[in-house]
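Commentary on secondary and tertiary structure
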Amino acid sequence: MKRLIKKSILIVLPLTLLGGGFFAYRQVSGATPEERYKLHLVEKGPLVQNAAANGTLNPVTLVNVGTQVSGMVRKLHVDFNDKVAKGQVLLELDDSLLAAQARQSAASVKNAEAGLKLAAANEARAKTLFAQEFVSRQELDQAVQARESTQAQLTLARAQADKDRVNLAYTIIRSPVSGVVVARSIDLGQTVAASFQTPTLFQIAQDLSAMQIDTSFPEADIGNLKVGQEARFNVDAYPSRNFRGKVRQIRLNPNTQQNVVTYNVVVAVDNPDHVLMPGMTAYVNIAVAQREDALLVPNAALRFKPAQAAREKKEAGKGAGGKPAKRKKDGSSGTVYVLRAGEVKALNVTLGITDNSATEVAGGDLKAGDRVLLGDATATSAASSMGGNKSVGMRMF
């Protein structure tokens, strides 16, 4: 039984494939060009070429608020999304150690002041005695030196006291600008250490009604971009809404990753209703070229080559010894195939701008009203026919 099934499969499968191929061949060979190919009527119309890139929405001014002293967070006065004014208290650190150190410095100042009074009195007394020749010049000089040394110690003590008072004031963290708290990285009771670098406690956006998009454009597009150009963009949060901005800055510093060079382009955005939030991904399009009445050809027509034309081009492209001849590529030219008087003809055209769907034809023999070939219309029907025969032939039970 198994042998019989195998023999049946070996007989039916080749016959099915052969029948499908013959059917497809008859269908292709007997079809007219209108039936064999997908055609498109060439027309004139507007065309806009865009440079596209993704970017991130950021506030124009984002201030990182840190601390210059270490300590435990004792009081927390603001949270995420809170509006703050310049000078407003954001948090307070435990000031026990710094307050004690400030009191110690103040006591040192008092001690130095008392020492200076004594040294000044000794100096005055030594001068009187020296005038009466009761003390020597050396004793007078020693009294003067003692007073000057004590004066210096007082200055040092006052400087240390000022430093300790400043550090004590640093335990109260105030907002340097007016804005909105967009990030908070500490909690009540947490200990912050500022030994080696200033830790970031808050991030405050100065004004969310004016934002910017930081995006990177490849070097191939950067030559078409200029400051002041209008940009359109969308965000995932509002997919049906279009936003606008303007190119504010094209930064000269290049970024190179895996041999790909990009440049940071900053797009200024007005956000009066505050619907755009920091960190959103923006899909930016900047119009770099525009035509009002361009001769348009679909990009699919520039990619399609009929089977017979492809074979002829392959044979013509072979050099001596059957090796392919090297030809210089020209990115501004292309070939389209048109149907004229019932025959397929190849036309060389000069290409202009493109929107990745259609391309402007800037020169060549192509004209409005021509029908260009987009693809093989019979390939799908032939494949479906072979698929249908295969399902019937392979059903054994």
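Residues numbered from 1 in each chain as written. Predicted model: local features only at pLDDT ≥ 70, side-chain atom pairs only at ≥ 80, totals over all residues. Heavy atoms only, no water.

1. A look at the sheet that holds strand 9 (residues 191–192)
How we decide: At least two bridges found by DSSP between two strands are what make those strands a pair. Only DSSP runs of H or I with at least four residues qualify as helices, and only runs of E with at least two residues qualify as strands; both kinds are numbered from the N terminus onward.
Pairing is antiparallel across the open sheet formed by four strands, whose spatial order is 7-6-4-9. Two strands close off the open sheet at either side, each with one partner strand: strand 7 (172–174) and strand 9. Pairing between strand 4 (residues 71–76) and strand 9: two bridges, direction antiparallel. Bridge pairing links Gly71 to Val192 in strand 9.

2. Structural notes on the pattern of salt bridges
Quick note on the threshold: Basic side-chain nitrogens of Lys or Arg form a salt bridge, by our definition, when they fall within 4 Å of a carboxyl oxygen of Asp or Glu. Whether a residue is buried, partly exposed or exposed follows from its accessible area with a 1.4 Å probe, protein chains only, as a fraction of its type maximum: under 20%, in between, or over 50%, in that order.
Tallying each qualifying case throughout the model produces 15 salt bridges. Glu230 is the partner of Arg232 in a salt bridge, and the nearest nitrogen-oxygen pair spans 3.7 Å. Here Arg232 falls in the partly exposed class, since its relative accessible area comes to 41%. Among the ionic pairs, Asp273 bridges to Arg241, the shortest N-O distance being 3.2 Å.

3. Here's the deal with the side chain of Ser105
Let me state the cut-off plainly: Should any heavy atoms of two residues lie within 4.5 Å, those residues are counted as being in contact.
Structurally, the position occupied by Ser105 is in helix 3 (residues 96–131). Beyond its immediate chain neighbours, meaning those up to four positions away, Ser105 contacts Ala157, Gln160, Ala161 and Asp164.

4. Description of helix 4 (residues 137–169)
Our working definition: To estimate how far a helix should reach, multiply one less than its number of residues by 1.5 Å.
Helix length check: helix 4, at 33 residues, gives a terminal C-alpha distance of 48 Å against a target of 48 Å (1.5 Å per residue), a fit within 8%. Listing the buried residues of helix 4 in full gives Leu140, Ala143, Thr150, Leu154, Ala157, Ala161 and Asp164. On the buried face of helix 4, the contacting elements are helix 3.

5. A few points about helix 3
Spanning 36 residues, helix 3 covers 53 Å between terminal C-alpha atoms, matching the ideal 52 Å at 1.5 Å per step. Among the residues of helix 3, those classed as buried are Leu98, Ala99, Ala102, Ser105, Val109, Ala112, Leu116, Ala119, Glu123 and Ala126. Those residues of helix 3 that are buried lie in contact with helix 4. Following helix 3 by one or two positions, Glu133 has its phi on the positive side, about 60°.

6. Quick notes on unusual backbone geometry
One non-glycine residue with positive phi stands out, namely Gln258, at about 50°. Among the secondary structure elements, Gln258 is positioned in the loop between strand 13 (238–257) and strand 14 (260–270). The residue His274 is not glycine, and still its phi comes out positive at about 60°. Tracing the backbone through its elements, the reader meets His274 in the loop between strand 14 and strand 15 (281–298). Overall, His274 belongs to the partly exposed group, its relative accessible area being 41%.

7. Some remarks on the side chain of Thr150
Relative to the helices and strands, Thr150 is located in helix 4. Using a relative accessible area of 13% as the deciding quantity, one classes Thr150 as buried. Thr150 has contacts with Ala112, Gly115, Leu116 and Ala119, leaving out every residue within four places of it along the chain.

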